[in-house]
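Remarks on the overall topology
Chain residues, written in single-letter form:
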Amino acid sequence: VRWMMYWIVFALFMATETITDLLISWFSFYYEIKMAFVIWLLSPYTGGATLLYRKFVHPTLSRKEKEIDAHIVQAREHGYEMMVRFSKRAFNMAATAAVQAAAKSQGTLVGRLRSFSVQDLRSIPDEA
């Protein structure tokens, strides 16, 4: 559980870091402070990630749990609908391509089958 809290807090840190790097990276000792913060998060003695998770992340997630669940259900339903729609579209495209290929190569295929059948008949010795 401790590692889960660390990785959740670290992911939030990485997401905010992209913005803060652009805005305040020019401050003195910015990178040193950032490294010290990551060490504080990681250290089992300070329990930084656990503290931040229990104080900020968990209450926020608990407060918005119903909204998160509703979004997950909506995403699942929407994802299923999209999968069905795209798979139907893909099967239609594959069927159309197969029919077009068969129609274009029908003459060639018939000619090859005739040439094979005529050659096969010529190679059989007469029994009479």
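Look up a bit, the structure's there.
Residues numbered from 1 in each chain as written. Predicted model: local features only at pLDDT ≥ 70, side-chain atom pairs only at ≥ 80, totals over all residues. Heavy atoms only, no water.

Observations regarding the nonpolar core
Grouped together as the largest cluster of nonpolar side chains are ten residues: Met5, Tyr6, Val9, Phe10, Phe13, Leu41, Ala49, Leu52, Tyr53 and Val57. Considering each element in turn, this core owes the most residues, five residues, to helix α1 (residues 2–24). Look past the residues within four positions of Phe13 in its chain and what remains in contact with it is Lys34, Phe37 and Val38. (Core = buried A, V, L, I, M, F, W, Y, C linked by side-chain atoms within 4.5 Å. Buried < 20%, exposed > 50% of the residue type's maximum accessible area, 1.4 Å probe, protein only. Helix = DSSP H or I, 4+ residues; strand = E, 2+ residues; numbered from the N terminus. Contact = heavy atoms within 4.5 Å.)

A few points about the environment of Trp40
In this fold, Trp40 is placed in helix α2 (residues 30–42). When its relative accessible area of 29% is taken as the criterion, Trp40 is described as partly exposed.

Some remarks on the packing of aromatic side chains
Tallied over the entire structure, the rule returns nine aromatic pairs. With centroids separated by 5.7 Å and ring planes inclined at 90 degrees, the aromatic side chains of Trp7 and Phe10 adopt a geometry described as edge-to-face. Separated by three residues within a single helix, Trp7 and Phe10 lie in helix α1, roughly one turn from each other. Positioned over the ring face of Phe86 is Arg85, at 5.6 Å from the centre of the ring. (Phe/Tyr/Trp six-rings, centres within 6.5 Å; stacked < 30°, edge-to-face > 60°. Lys NZ or Arg CZ within 6 Å of the ring centre and 35° of its normal.)

Some details on α1
Along α1, the helix axis deviates most sharply at Glu17, where the bend reaches about 35 degrees. Here α1 has its buried residues at Met5, Tyr6, Val9, Phe10, Phe13 and Glu17. The inward-facing, buried residues of α1 abut α2 and α3 (48–63). (Bend = angle between axes of the 7 residues up to and from the residue.)

Regarding the packing of α1 against α2
α2 packs onto α1 with a crossing angle of 170 degrees between their chain directions and a minimal axis gap of 10 Å. Taken together, α1 and α2 sit at an angle that is classed as roughly antiparallel. On the side of α1, the interface is formed by Trp3, Tyr6, Val9, Phe10, Phe13, Glu17, Thr20, Asp21 and Ile24, while α2 contributes Tyr30, Tyr31, Lys34, Phe37, Val38, Leu41 and Leu42. Here the residues of the contact of α1 with α2 are counted per class, giving twelve nonpolar, one polar and three charged. (Axes fitted to C-alpha atoms, helices over the stretch in contact; angles between N-to-C directions. Parallel < 35°, antiparallel > 145°, perpendicular 65-115°, else oblique. Nonpolar A, V, L, I, M, F, W, Y, C, P; charged D, E, K, R; others polar.)

A closer look at α3
With 16 residues, α3 ought to run about 22 Å at 1.5 Å a step, and its terminal C-alpha atoms sit 22 Å apart, in line with that. The largest bend in α3 is about 40 degrees, located at Arg54. Where α3 is buried, its residues contact α1 and α2. (Expected span 1.5 Å × (residues − 1).)

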